[in-house]
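Here is how the chains run, residue by residue.
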Amino acid sequence: MAERSLITLHTLSHLLIRTIALECGYSSASLAERIYAGDEQNPRTGILIYTAVPDSEGTLGGLVSLAEEREFARIIRRALADAGHCSADPLCSERLPHDPGDYLHGAACHVCLFVSETTCERANRFLDRRFLVPLSGDKEQVLTPVGLLP
């Protein structure tokens, strides 16, 4: 379960980076992530998205305002709605990781989830949309609360 939670948090982080970039004026390459995944003894988790490059692009106020409760709920819903489809579907959505060598990500690709290598702390590995939204009608893997699903 811990691995699935980490993959879910990481996938949500990428979706949020891509959505926030469209909303606040920063490019997705200017944002970075930090994933805090709990364990059995300390189950608290979190995602930190921050500006990685201090420059004149965008405004920090625009990024901060998206964290306000009303705006953040809208951002989450938009990100989850975007996760439900990819231009590379059905090829992307049907991709399943397989051991031994091909286990680094599932339903994820450059079109829908990958971000700049400098943005991602895990080098675009361990991503899978199927843990956030039902793909091809499969709701069994989804960890997103029903009230947030698009």
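These numbers come from a predicted model, not from an experiment. (Residues numbered from 1 in each chain as written. Predicted model: local features only at pLDDT ≥ 70, side-chain atom pairs only at ≥ 80, totals over all residues. Heavy atoms only, no water.)

Undergrad: Would you mind showing me how to read the overall build of the protein here?
TA: Along the backbone of the protein there are three helices and two strands. Walking the protein from its N terminus toward its C terminus, one meets helices and strands in the order α-β-β-α-α. Looking at the protein as a whole, 37% of its 150 residues qualify as buried. Looking at the protein alone, contacts between residues at least 24 apart form 56% of all its contacts between residues at least 6 apart. (Helix = DSSP H or I, 4+ residues; strand = E, 2+ residues; numbered from the N terminus. Buried < 20%, exposed > 50% of the residue type's maximum accessible area, 1.4 Å probe, protein only. Contact = heavy atoms within 4.5 Å.)

Undergrad: I would appreciate a short explanation of the environment of L132 in the present structure.
TA: Tracing the chain through its elements places L132 in the segment after helix 3 (69-83). Assessed through its relative accessible area of 4%, L132 is described here as buried.

Undergrad: Would you explain the pattern of salt bridges in this entry?
TA: Opposite charge on two side chains makes pairing possible when the charged atoms of those side chains draw close. Under the defined criterion, the tally for this structure stands at seven salt bridges. In this structure, R129 engages D89 in a salt bridge whose closest nitrogen and oxygen atoms are separated by 2.8 Å. One end of the pair, R129, is in the segment after helix 3; the other, D89, is in the segment after helix 3, and 40 residues separate them in sequence. Overlapping salt bridges bring together E23, E71, R74 and R78 as one network. (Salt bridge = Lys/Arg side-chain N within 4 Å of Asp/Glu carboxyl O.)

Undergrad: Is there a simple way to explain the side chain of H14 in this structure?
TA: Within the secondary structure layout, H14 lies in helix 1 (residues 2-24). Judged by relative accessible area, which is 0%, H14 ranks as buried. From its side chain, H14 meets the backbone oxygen of L113 in a polar contact 2.9 Å long. If we skip the residues at most four places from it in the chain, H14 touches E33, L113, F114, V115, C120, N124 and L127. (Polar contact = N/O pair within 3.5 Å; in protein donor to acceptor, adjacent residues only side chain to side chain.)

Undergrad: I tried to follow helix 3 on my own but got confused; where do I start?
TA: The periodicity of an α-helix, 3.6 residues per turn, causes residues three or four positions apart to be oriented the same way. An ideal rise of 1.5 Å per residue puts 21 Å on 15 residues; helix 3 measures up with 21 Å between its terminal C-alpha atoms. Those residues of helix 3 not exposed but buried are I75, I76, A79, L80 and A83. For helix 3, the buried positions fall inside an angular range of 130° around the axis, keeping them on one side. (Expected span 1.5 Å × (residues − 1). Arc of directions from axis to C-beta.)

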